[in-house]
Amino acid sequence: MRWKKYLPYIVASSVVVVAGGYAAHAHFSEREKAEFNPPHGAYCLTETPSAGLRALTSAASTEISRSKKIKDKSGMVWIPGGEFVMGDREGSFPDAHPLHRVRVHGFWMDSRVVTNDEFAKFVKATGYKTIAERPLDPKEFPAYSKEMLKPGSIVFSSPENPVALDDYRNWWKWMPGASWRHPQGPGSDLKGKGHYPVVHVAYEDAVAYAQWIGKRLPTEAEWEFAARGGLEEKIYPWGDELRPDGKFMANTWQGHFPDRDLGEDGFKGIAPVASFPPNGYGLYDMSGNVWQWVADWYHPRTYERDAQSNLTINPQGPSESFDPVEPSVRKKVQRGGSFLCTDQYCSRYRTGTRGKGDITSGAPHVGFRLVSDDSELNNKL
Ligand SMILES: [Ca+2]
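The present account deals with the structure reproduced in this document. (Residues numbered from 1 in each chain as written. Predicted model: local features only at pLDDT ≥ 70, side-chain atom pairs only at ≥ 80, totals over all residues.)

### Overview of helix 2 (residues 116-126)
When helix 2 is considered as a whole, its buried residues turn out to be Asn-116, Glu-118, Phe-119 and Phe-122. Across the axial projection of helix 2, the buried residues extend over an arc of 165°, all falling on one side. Turned more than 90 degrees away from the buried face of helix 2 sit Lys-124 and Ala-125, all of them exposed. Count one or two residues on from helix 2 and you reach Gly-127, which has phi positive near 75°. (Buried ≥ 20, exposed ≤ 12 C-beta atoms within 10 Å, placed from the backbone. Helix = DSSP H or I, 4+ residues; strand = E, 2+ residues; numbered from the N terminus. Arc of directions from axis to C-beta.)

Structural data, given as structure tokens:
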């Protein structure tokens, strides 16, 4: 079956991100886009293919909300803000270069990614259905078979033997019925997994949750500043060694990808939140386990633009998305890497590296955490 990404997708209207005192967006000309050649290594094989080309509900849903009252203030930590060097110093990922100085304001951040239990409260209160749970409208997609119109998502399916690594269809499978409630498809459930990260949430779903609880997604710069935990230019949130004193610090992949997940770090597949030590700011899982949506549109040359200034203050990324690998698909940045990341193919659990995802697609290794500017929280200090 052809991937749904090859089908025309719907853009309800232009999407606007509220600047709110932030630096202006960088703009990229059509010529610059045309001149850009996808660099070797820019595409991470464990990233999710664009699977669900589903309608966006409204442009307003992607706005950064700053004025909502937070329903639950627990579990947030203060990120003091400051200047830092953004980017990956040693990586072979051109979109994470050049290194450049950035300043972010202080903000509050969830110490953990949003869990299944937390997302379930939102769904219970609102009746919200995620994109993966919505069928496509046959009137809008008359060429689709009944099967292709069904709700569903992509699942990771580990092959029994080594496979060619130039075709992600060898391990990503479209699964009707897969959703946050059924992470592995029909027959799977969340029993005993309340404290696992909620997954199969598209960008729109994360924003809907954020608006309900009165928080917002972090910008990419906020996320990276927070992930560094007060350390300067370190490769990982805890320092420069992947396993200091032999200790595993994050849930990643050990073994041959994608056929053998040895789970030497204690987890084959996804892990409950906060299964590894926090960073210097008290944030868990800023490396590995699940990718985390952030508010910025993806563009491989964002850092080139930001590096033209000696200091960029509160950057919010480009005003539009562009991924040379899939130019027609609108993508937001994802950060942190996942349990599928391995130093063989995708070492994007490194703090300065970047991922990206189709805004209409969730996946079994993509979640999110939120931030807040709520001054009421300052009383906790
Ligand atoms: Ca693991």
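Additional details are given in the paragraphs that follow.
### A closer look at the pairing of strand 3 (residues 100-104)
The alternating pattern of strand 3 places His-100, Val-102 and Val-104 on a buried face and Arg-101 and Arg-103 on a face that is not buried. Two elements, strand 2 (residues 82-86) and strand 3, share 5 bridges in a ladder whose sense is antiparallel. What sits directly across from Phe-84, in strand 3, is Val-102. Pairing between strand 3 and strand 8 (residues 312-313): 2 bridges, direction parallel. Each residue of the ladder has a partner; that of Val-102, found in strand 8, is Thr-312. (Pairing = 2+ DSSP bridges.)

### Considerations on the packing of helix 2 against helix 4 (residues 203-213)
Packed helix pairs are characterised by how far apart their axes lie and by the angle those axes make with each other. At a minimum axis separation of 11 Å, helix 2 and helix 4 run at an interaxial angle of 75°. Relative to helix 4, the element helix 2 is oriented roughly perpendicular. Note on element contacts: helix 4 touches helix 2 through Tyr-209, Trp-212 and Ile-213, opposite Phe-119, Phe-122 and Thr-126. Split by residue class, the contact of helix 2 with helix 4 holds 5 nonpolar, 1 polar and no charged. (Axes fitted to C-alpha atoms, helices over the stretch in contact; angles between N-to-C directions. Parallel < 35°, antiparallel > 145°, perpendicular 65-115°, else oblique. Contact = placed C-beta atoms within 7 Å. Nonpolar A, V, L, I, M, F, W, Y, C, P; charged D, E, K, R; others polar.)

### Brief notes about the nonpolar core
Met-109, Ala-206, Tyr-209, Leu-217 and Phe-368 are the most contacted members of the largest nonpolar core, which totals 74 residues. Counting residues per element, this core draws most heavily on helix 4, which supplies 7 residues. Apart from residues no more than four positions distant in its own chain, Phe-368 is found in contact with Val-113, Val-114, Val-201, Ala-206, Leu-217, Gln-292 and Trp-293. (Core = buried A, V, L, I, M, F, W, Y, C linked by C-beta atoms within 7 Å.)

### Here we look at the sheet that holds strand 7 (residues 291-297)
Pairing is mixed across the open sheet formed by 4 strands, whose spatial order is 10-9-7-11. Strand pairing shows two members of the sheet lacking a second neighbour, strand 10 (355-358) and strand 11 (366-367), which therefore form its edges. In this structure, strand 7 lies alongside strand 11, joined through 2 bridges in parallel fashion. When the bridges of strand 11 are listed, Gln-292 appears paired with Gly-367.

### Some points on unusual backbone geometry
Cis geometry marks the peptide bond from His-97 to Pro-98, where omega comes out at -5°. As for its placement among the helices and strands, Pro-98 is situated in the loop between strand 2 and strand 3. Look at the link from Phe-257 to Pro-258: it is a cis peptide, with omega at 0°. With phi around 60°, His-200 is a residue other than glycine that occupies positive phi space.

### What to know about the sheet that holds strand 4 (residues 107-110)
The strand order across the open sheet built from 3 strands is 1-4-12, with neighbouring strands paired in antiparallel fashion. Looking at which strands have only one partner, the edges of the open sheet turn out to be strand 1 (76-79) and strand 12 (371-372). In terms of strand pairing, strand 4 meets strand 12 through 2 bridges, oriented antiparallel. Opposite Met-109, over in strand 12, you have Val-371 as the bridge partner.

### A short note on the environment of Phe-107
Here Phe-107 lies in strand 4. Phe-107 sits in the buried class, given 21 other C-beta atoms within 10 Å. For the pair Phe-107 and Trp-78, spaced 29 residues apart in the sequence, the C-alpha separation amounts to 6.0 Å. In this structure Phe-107 touches Ile-79, Glu-222, Val-371, Ser-372 and Asp-373, once residues within four positions along its chain are discounted.

Limitation: the analysis is restricted to geometry and does not speak to function.
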